[in-house]
Amino acid sequence: MNIKIAIIGQGYVGLPLTNQLSKYFKIVGFDTDKKKINNLKKNKKLDELGFKKLDFFKNIIFTSNISNTVDCNFYIICVPTPVNLKNLPDFSNIKKAIKLICKVIKPNDTIVCESTFFPGTSKEVIIPLIEKYSGLKCATNSKSLNFKNTNHFSYGYSPERINPGDKKYKLNNIVKIVSASNTVTLSLITKVYKKIIKAGIFKAESIEIAEGSKVIENIQRDINIALVNELKIIFDKLNIDINKVLKAAGTKWNFLKFKPGLVGGHCISVDPYYLAFKSKKVGYNPRVLLSGRNLNNIMYKYIFNNINNGLKKHRKKTVDLKILILGFSYKENISDFRNTQIIKLYRLFKKKYKYIDIFDPLVDKILVKKKYNLKLINSPKLQYYDSINILVNHDVFFKKNKYFYKKYGNNDCIYYFINNIIK
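Remember, predicted model here, so these are calculated numbers, not experimental data. (Residues numbered from 1 in each chain as written. Predicted model: local features only at pLDDT ≥ 70, side-chain atom pairs only at ≥ 80, totals over all residues. Heavy atoms only, no water.)

Student: Quick question: what am I supposed to make of a nonpolar patch on the surface here?
Tutor: Together, Ile-234, Leu-238 and Ile-240 give the surface a local cluster of nonpolar side chains, amounting to about 260 Å² of exposed area. Tracing the backbone shows Ile-240 in the loop between helix H6 (207–237) and helix H7 (242–249). Take Ile-240: its relative accessible area is 37%, and that puts it in the partly exposed class. (Patch = residues over 30% accessible without salt bridge, like charges linked within 9 Å, V, L, I, M, F, W, Y side chains within 5 Å. Areas by Shrake-Rupley, 256 points an atom, 1.4 Å probe, with all protein chains shown as cover. Salt bridge = Lys/Arg side-chain N within 4 Å of Asp/Glu carboxyl O. Helix = DSSP H or I, 4+ residues; strand = E, 2+ residues; numbered from the N terminus. Buried < 20%, exposed > 50% of the residue type's maximum accessible area, 1.4 Å probe, protein only.)

Right under this line is the structure:
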């Protein structure tokens, strides 16, 4: 079979796939964002997506016109599945993507989703939508695939496992989970991903198992981070350095090494809500699942109180204090600020202090302005601030000088570090 692939969505998940698969297949990289597509065609501004200049573009056609994917027979959908204001699953992006591809898909085409789903999403939501808008039927067994005369499409689910900013684990050295509606399609999907995934392919027994694996990976991290966040609160009250406690405990071979901090992003802060939604649908109100999420959601208040109390302790009570926040992305060494907790911290600061600057050289200032109507500064002022708070530990902050922040503070400046990385 001559495989030509369309990858729907050119973000943190879709672009690496486009880039890597272009070594072996003809690729059409589709995104509705025309500005992004133009930048990709010119190989420019890829830092906004967490990349430097990319290679292997000779087999890629970038487009914002879905009709340019009509010759493709293998579609990979890589669009975000966030939660809404009520923390319920938001499938608006995936629904728009399905409506678009249903204008061009043909019998025998294969559709693979990489977005976050709760178990049963493909069967209950995605496949019915594809059938509705395309007029085709999902091939639920291999006998349905009569390649000479059929009105069937094939479906697969392969959850993304990208960890933005991770220098060790990248797309090709992370085991890829695959699942499909029938065994023939499972073999085809395996064949495609096997070209680029050197760590190996795991074939899930069902689509629901693959969907479940995605959400619990991030739920486990969320709960563990919540645990150390709570431990931090307790040990702070005991006047004991939590980082030193964790270092001591970490000498045991099976101790899980998590650090306290703010939890944002498009996965960890979202996935618990997806499984909780499904759990409630089947009559069970989860007890542990959202407990970690609830604590992590309010951790920014604890950090603000720490900073505020520190300023009060040093008799810095005036609203005219000049505050500097370093970092705005949801975690270190990336430009992604989806669900960042820093915006919540900033809003608390605004209620109490007049002068607050935020500096993050990795984040796109235009996008932040567009989303939050918030202007990030180009660079901090020298010897100016009364309070400097390092809330995201970007390497770029410490690369040349780990005490770089001191040049921005005045003689009476108070410093706060979200993790005690400075000795």
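We are not done yet, so read on.
Student: Looking at this structure, I do not really get unusual backbone geometry. What am I missing?
Tutor: Residues other than glycine predominantly adopt negative phi, and peptide bonds predominantly adopt the trans conformation. Notably, Asn-239 is not glycine yet its phi reads approximately 60°, a positive angle. By the element assignment, Asn-239 lies in the loop between H6 and H7. Phi angles above zero are rare outside glycine, and Asn-333 is one such case at about 65°. Relative to the assigned elements, Asn-333 resides in the loop between strand S10 (322–326) and helix H10 (342–352). For Asn-333, a relative accessible area of 26% corresponds to the partly exposed category.

Student: I keep staring at the nonpolar core and nothing clicks. Help me out?
Tutor: Generally speaking, nonpolar side chains in soluble globular proteins are found buried as a group. Ile-8, Tyr-75, Ile-77, Ile-94, Ile-126, Ile-130 and Tyr-155 are the most contacted members of the largest nonpolar core, which totals 44 residues. Of the residues forming this core, the biggest block, 5 residues, is contributed by helix H4 (residues 121–134). Residues Ile-325, Ile-343, Tyr-346 and Tyr-372 belong to the second largest nonpolar core, which totals 35 residues. (Core = buried A, V, L, I, M, F, W, Y, C linked by side-chain atoms within 4.5 Å.)

Student: Hey, could you run me through the side chain of Lys-278 in this one?
Tutor: Counting through the fold element by element, Lys-278 comes out in helix H8 (residues 271–281). Separated by 2.7 Å, the side chains of Lys-278 and Glu-124 make a polar contact. (Polar contact = N/O pair within 3.5 Å; in protein donor to acceptor, adjacent residues only side chain to side chain.)

Student: Help me out: how do you make sense of a positive patch on the surface in this one?
Tutor: There is a patch of like positive charges on the surface, built from Lys-23, Lys-191, Lys-195 and Lys-198. Note that Lys-195 resides in the loop between helix H5 (183–194) and strand S9 (201–203). (Lys, Arg positive; Asp, Glu negative; His and termini not counted. Charge placed at Lys NZ, Arg CZ, Asp CG, Glu CD.)

Student: I would appreciate a short explanation of the packing of helix H9 (residues 291–313) against H10 in the present structure.
Tutor: Helix packing for two helices is described by the angle between their axes and how far apart those axes are. For the pair H9 and H10, the least separation of the axes is 9 Å and the interaxial angle reads 40°. One finds that H9 runs oblique with respect to H10. The handedness of the crossing between H9 and H10 is right-handed. Contacts from Asn-297, Tyr-300, Lys-301, Ile-303, Phe-304, Ile-307, Asn-308 and Lys-312 of H9 reach H10 at Lys-344, Leu-345, Leu-348, Phe-349 and Lys-352. (Axes fitted to C-alpha atoms, helices over the stretch in contact; angles between N-to-C directions. Parallel < 35°, antiparallel > 145°, perpendicular 65-115°, else oblique. Left-handed = near helix turned anticlockwise from the far one by under 90°. Contact = heavy atoms within 4.5 Å.)

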